[in-house]
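Residues per chain, in single letters:
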Amino acid sequence: MQDIAEQRPRAGADPLGRWGAPRDVLVVCSTFRDHRELPRLARPGFRYLFHDYASTSLEELIDGRAEGLDGVADPIAEIARIGAEVADRDIAAIVSTDDYPGAALAAVLAKELGLPGPDPRVSLICQHKHLSRMAQARIVPDAVPAFWPIDVAEEAALPDGITFPVFVKPMKSFFSIGAQRICSAAELAEAKHRWMALDDFFLPLERLLEREVGVEIGTTRLIAEGLLKGQQVTVEGYAFGGEVDILGVADSIFFPRHAGLLALRVPVRVA
């Protein structure tokens, strides 16, 4: 976690120009690419404030390289800290290019500061695989496979009705890491053991869900799904003002022997 940092204007640039005092765009959970590219794209009258929190730490944690890290800060405390730091600034917008925890954190901050943004409750439900599957099953039941929440506690029993093989994923997706085909209860026990030890990974989602949705993750950290057949594609788009716009549909091509690891997205149709 780092303090909010302002962009450095390009050499020869006039950050005020004819627009007067610049307005700030807060970039939540900023990435290396954000720091590198966004200042090059800055429009007159705007400047970027970069907020660094958790994204790199979570990548290292999930990859087993988190030794020596201080852990992930409580996102509720982080929201309060950010609010205090930007209280005297003219914030024009809050954005994030980071899926987790940036998307949810930006939605909560936008709501608190009265800025446009997605409903934090909806954003968090979409990011929690069991809650999102329940919503999908109500809306498009024919397109949703059977699914079961999995409690990773050692003594927890498997849910009724589960049959192997299944596809198991962490309740919070993260680059499809941890998504795998499980063929037996013994294989599932190994997966449960891994995710039981990753408290810090689930902390941002856990705390934000408690606050915005009234739901606790606890040790229910995995979801098992029935297997599906067919060609996998990804729909890219956005929703704004109550309308959904599709940018394109992409074939999802995977590395051999590594189901769940997206290798390439090839556009096949653009709206």
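What you see is a predicted model, and the numbers here were worked out from it, not measured in a lab. (Residues numbered from 1 in each chain as written. Predicted model: local features only at pLDDT ≥ 70, side-chain atom pairs only at ≥ 80, totals over all residues. Heavy atoms only, no water.)

Describing the overall build of the protein chain
Selection criterion: Secondary structure elements are taken from DSSP: a helix is a run of H or I of four residues or more, a strand is a run of E of two residues or more, and numbering for both begins at the N terminus. Any two residues whose heavy atoms approach within 4.5 Å at even a single point are treated as in contact. The accessible surface values rely on the Shrake-Rupley method and a 1.4 Å probe; as for residues, cover is taken only from the protein chains in view.
Helix and strand counts for the protein chain stand at eight helices and 11 strands. For the protein chain, long-range pairs separated by at least 24 residues make up 59% of all intrachain contacts whose partners lie at least 6 apart in sequence. Accessible surface, the protein chain: about 15,800 Å² in total, of which carbon and sulfur atoms supply 54%.

Points about helix α7 (residues 185-196)
The test is simple: To estimate how far a helix should extend, the number of its residues minus one is multiplied by 1.5 Å. Exposed residues in this analysis have more than 50% of their type's maximum accessible area, buried residues have under 20%, and partly exposed residues fall in between, with area computed by a 1.4 Å probe over protein chains only. Here the arc refers to the directions that run from the helix axis out to each C-beta atom.
Spanning 12 residues, α7 covers 16 Å between terminal C-alpha atoms, matching the ideal 16 Å at 1.5 Å per step. Residues of α7 that are buried: Leu188, Ala191, Lys192 and Trp195. Projected onto a plane normal to the axis of α7, the buried residues spread over an arc of 105° and lie on a single side. Exposed residues pointing more than 90 degrees away from the buried face of α7 are listed as Ala186, Glu190 and His193.

Here's the deal with the sheet that holds strand β6 (residues 166-170)
Applicable threshold: Pairing between strands is defined by DSSP: at least two bridges between them are needed. An axis is simply a line fitted to the C-alpha atoms; with a helix, the fit covers only the stretch in contact. Between two such axes, the angle follows the N-to-C directions and lies from 0 to 180 degrees.
Pairing is antiparallel across the open sheet formed by four strands, whose spatial order is β5-β8-β6-β7. In this open sheet, the two edge strands, each paired with only one partner strand, are β5 (147-151) and β7 (180-182). Averaged over neighbouring strand pairs, the angle between their axes works out to 35° when direction is ignored. Pairing of β6 with strand β8 (residues 220-225) involves four bridges; the strand directions are antiparallel. Residue pairing across strands places valine 168 opposite alanine 224, the latter belonging to β8.

Some thoughts on the confidence of the model for the protein chain
Threshold: Per residue, pLDDT captures the predictor's confidence, and it can take any value from 0 to 100.
Averaged over all residues, the pLDDT of the protein chain equals 84, while 82% of them reach at least 70. Segment residues 9-19: pLDDT under 50, and 10 contacts once partners within four positions in sequence are set aside and those in other chains are kept. Long-range and interchain partners of residues 260-271, a stretch whose pLDDT sits below 50, account for 37 contacts in this model, where long-range means more than four residues apart.

Remarks on a nonpolar patch on the surface
Test applied: Patch definition: residues above 30% relative accessible area lacking any salt bridge, with like charges linked at up to 9 Å and the nonpolar side chains Val, Leu, Ile, Met, Phe, Trp and Tyr linked at up to 5 Å. A side-chain nitrogen of Lys or Arg and a carboxyl oxygen of Asp or Glu constitute a salt bridge if their distance falls within 4 Å.
A surface patch of nonpolar side chains, about 280 Å² in accessible area, is lined by Val235, Val244 and Ile246. With respect to the helices, strands and loops of the structure, isoleucine 246 is situated in strand β10 (residues 243-254).

A short note on the packing of helix α4 (residues 102-112) against helix α5 (residues 120-127)
The condition is simple: Just so you know how the angles are binned, under 35 degrees is roughly parallel, over 145 roughly antiparallel, 65 to 115 roughly perpendicular, and the rest oblique.
Running from N to C, α4 and α5 cross one another at 170°; their axes reach a closest spacing of 9 Å. Here α4 is positioned roughly antiparallel relative to α5, judged by the angle of their axes. Across the interface between the two elements, Ala103, Ala104, Ala107, Val108 and Lys111 from α4 touch Pro120, Ser123, Leu124 and Gln127 from α5.

A few points about the packing of aromatic side chains
Short version of the rule: The criterion for an aromatic pair is that two Phe, Tyr or Trp rings (for Trp, the six-membered ring) have centres within 6.5 Å, with stacked assigned to planes under 30 degrees apart, edge-to-face to planes over 60 apart and tilted to the rest.
Scanning the entire structure with this criterion turns up seven aromatic pairs. With a centroid separation of 5.8 Å and 55° between ring planes, the pair formed by tryptophan 195 and phenylalanine 201 is classed as tilted. As far as the burial class goes, tryptophan 195 and phenylalanine 201 line up, both buried. Summarising the aromatic geometry, the rings of tryptophan 195 and phenylalanine 202 are spaced 5.9 Å apart at their centres and angled 70° between planes, so their arrangement reads as edge-to-face. For phenylalanine 202, a relative accessible area of 2% puts it in the buried group. Put simply, the rings of Tyr100, Phe174, Trp195, Phe201 and Phe202 touch in pairs and so form one group of aromatic residues.

Thoughts on the packing of helix α3 (residues 75-85) against helix α8 (residues 199-212)
Interaxial distance between α3 and α8 falls to 8 Å at its minimum, and their mutual angle equals 75°. Between α3 and α8, the crossing angle belongs to the class labelled roughly perpendicular. Facing α3, whose interface residues are Pro75, Ile76 and Ile79, α8 presents Leu203, Pro204, Arg207, Leu208 and Arg211.

Let's talk about helix α6 (residues 129-139)
Listed as buried for α6 are Lys129, His130, Leu131, Ser132, Arg133 and Ala135. Elements that come into contact with the buried residues of α6 comprise α5, β5, β6, α8 and β8.

So, the pattern of salt bridges
Within the structure shown, the criterion is met by 16 salt bridges. Where glutamate 212 meets arginine 211, a salt bridge forms, and the shortest distance between an N and an O atom there is 3.0 Å. Judged by relative accessible area, glutamate 212 falls into the buried class, the value being 17%. Overlapping salt bridges, with partners in common, bring together Lys111, Glu112, Arg211 and Glu212 in one network.

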